[in-house]
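Chain residues, written in single-letter form:
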Amino acid sequence: MPRLRAHLLALLGLHEEDADGFAAQAWHDERHIGGGYPVFSPDQPTRHGPSLRADHGRVHFADADRSTWPGTTEGAVRDGNRVASEILTRLR
Ligand SMILES: Cc1cc2nc3c(=O)[nH]c(=O)nc-3n(C[C@H](O)[C@H](O)[C@H](O)COP(=O)(O)OP(=O)(O)OC[C@H]3O[C@@H](n4cnc5c(N)ncnc54)[C@H](O)[C@@H]3O)c2cc1C
């Protein structure tokens, strides 16, 4: 990844000596990961988001990409909490 390294150093205004321990990973080459972040087309979140955030009877969906922190584990945890609260409210 020498080109990526050089590009990042230039972008961040750093020098070679600032980049000790630099590591880059091609996630799609990892056997147990096989890819990176999802990329949605512009209309997908607006078209499908509302129905994926809504409950469907006893079926609820929770995931990072419908959260207020999309694409992060923080978002996944927050959305799990959101859905758990909805279910608890419904059960009371
Ligand atoms: C390479 C990579 C690096 C990342 N690095 C970071 C990072 O540094 N920091 C960060 O905050 N976030 C990072 N993320 C993002 C973070 O991992 C995700 O946002 C988060 O894991 C999403 O959680 P989730 O519960 O929404 O979905 P997932 O973690 O994708 O969980 C969905 C689960 O559903 C299962 N599943 C799918 N279909 C079915 C089915 N039909 N039946 C049963 N089970 C099913 C899947 O096997 C999976 O276990 C990274 C993501 C990738 C891919």
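Residues numbered from 1 in each chain as written. Predicted model: local features only at pLDDT ≥ 70, side-chain atom pairs only at ≥ 80, totals over all residues. Heavy atoms only, no water.

S.K.: Break down the overall build of the protein for me, citing the residues and quoting the values.
M.R.: Per the secondary structure count, the protein includes three helices and zero strands. Secondary structure elements of the protein occur, N-terminal to C-terminal, as α-α-α. Against the globule reference of 12 Å for 92 residues, the protein gives a C-alpha radius of gyration of 19 Å, more extended than a compact globule. Each principal axis of the C-alpha atoms in the protein carries an extent, and together these give about 60 × 30 × 25 Å. Out of the 92 residues in the protein, the part that is buried amounts to 12%. Looking at the protein alone, contacts between residues at least 24 apart form 23% of all its contacts between residues at least 6 apart. Roughly 7,600 Å² of accessible area belongs to the protein as shown, and the carbon and sulfur atoms make up 58% of that amount. Across the protein, the 11 positively charged side chains and the 13 negatively charged ones have centroids separated by 12 Å. (Helix = DSSP H or I, 4+ residues; strand = E, 2+ residues; numbered from the N terminus. Rg over C-alpha atoms; globule rule 2.2 N^0.38 Å. Buried < 20%, exposed > 50% of the residue type's maximum accessible area, 1.4 Å probe, protein only. Contact = heavy atoms within 4.5 Å. Areas by Shrake-Rupley, 256 points an atom, 1.4 Å probe, with all protein chains shown as cover. Lys, Arg positive; Asp, Glu negative; His and termini not counted. Charge placed at Lys NZ, Arg CZ, Asp CG, Glu CD.)

S.K.: With reference to specific residues and values, describe the environment of Arg-47.
M.R.: Along the chain, the position of Arg-47 falls in helix α2 (residues 44-53). Spatially, the C-alpha atoms of Arg-47 and Arg-31 are 33 Å apart, while their sequence positions differ by 16 residues.

S.K.: Could you give an account of the site of the ligand, naming the residues involved and the relevant values?
M.R.: With respect to spatial proximity, the complete set of residues near the ligand consists of Trp-27, Ile-33, Gly-35, Gly-36, Tyr-37, Asp-63, Ala-64, Gly-71, Thr-72, Thr-73 and Ala-76. Separating a nitrogen atom of the ligand from a side-chain N or O atom of Tyr-37 is a distance of 3.2 Å. Residue Ala-64 places a main-chain N or O atom 2.8 Å away from an oxygen atom belonging to the ligand. Coverage of the ligand by the protein amounts to 35% of the 1,000 Å² it exposes when considered alone. Of the domains in this structure, domain 1 (1-36) and domain 2 (44-91) are the two that each give at least three residues to the shell around the ligand. (Near = heavy atom within 4 Å. Polar contact = N/O pair within 3.5 Å; in protein donor to acceptor, adjacent residues only side chain to side chain. Domains from an automatic or database assignment.)

S.K.: Describe the UniProt feature "domain: Amine oxidase" (unreviewed entry) in the protein, and please don't skip the residues or the numbers.
M.R.: In this structure's numbering, the residues bearing the UniProt feature "domain: Amine oxidase" (unreviewed entry) are residues 8-88. Taken as a whole, residues 8-88 contains 38% helix and 0% strand, while its terminal C-alpha atoms sit 47 Å from one another. (UniProt positions renumbered as here; feature names shortened; annotations may be inferred.)

S.K.: Tell me about the side chain of Ser-67, and please be specific about residues and values.
M.R.: Note on placement: Ser-67 falls in the loop between α2 and α3 (73-91). Owing to a relative accessible area of 11%, Ser-67 belongs among the buried residues under this scheme. At 2.6 Å, the side chain of Ser-67 forms a polar contact with the backbone oxygen of Ala-64. Looking at Ser-67, its side chain comes within polar contact range of the main-chain nitrogen of Trp-69, at 2.9 Å. When sequence neighbours within four positions are dropped, the list of residues in contact with Ser-67 reads Arg-53, Gly-75 and Asp-79.

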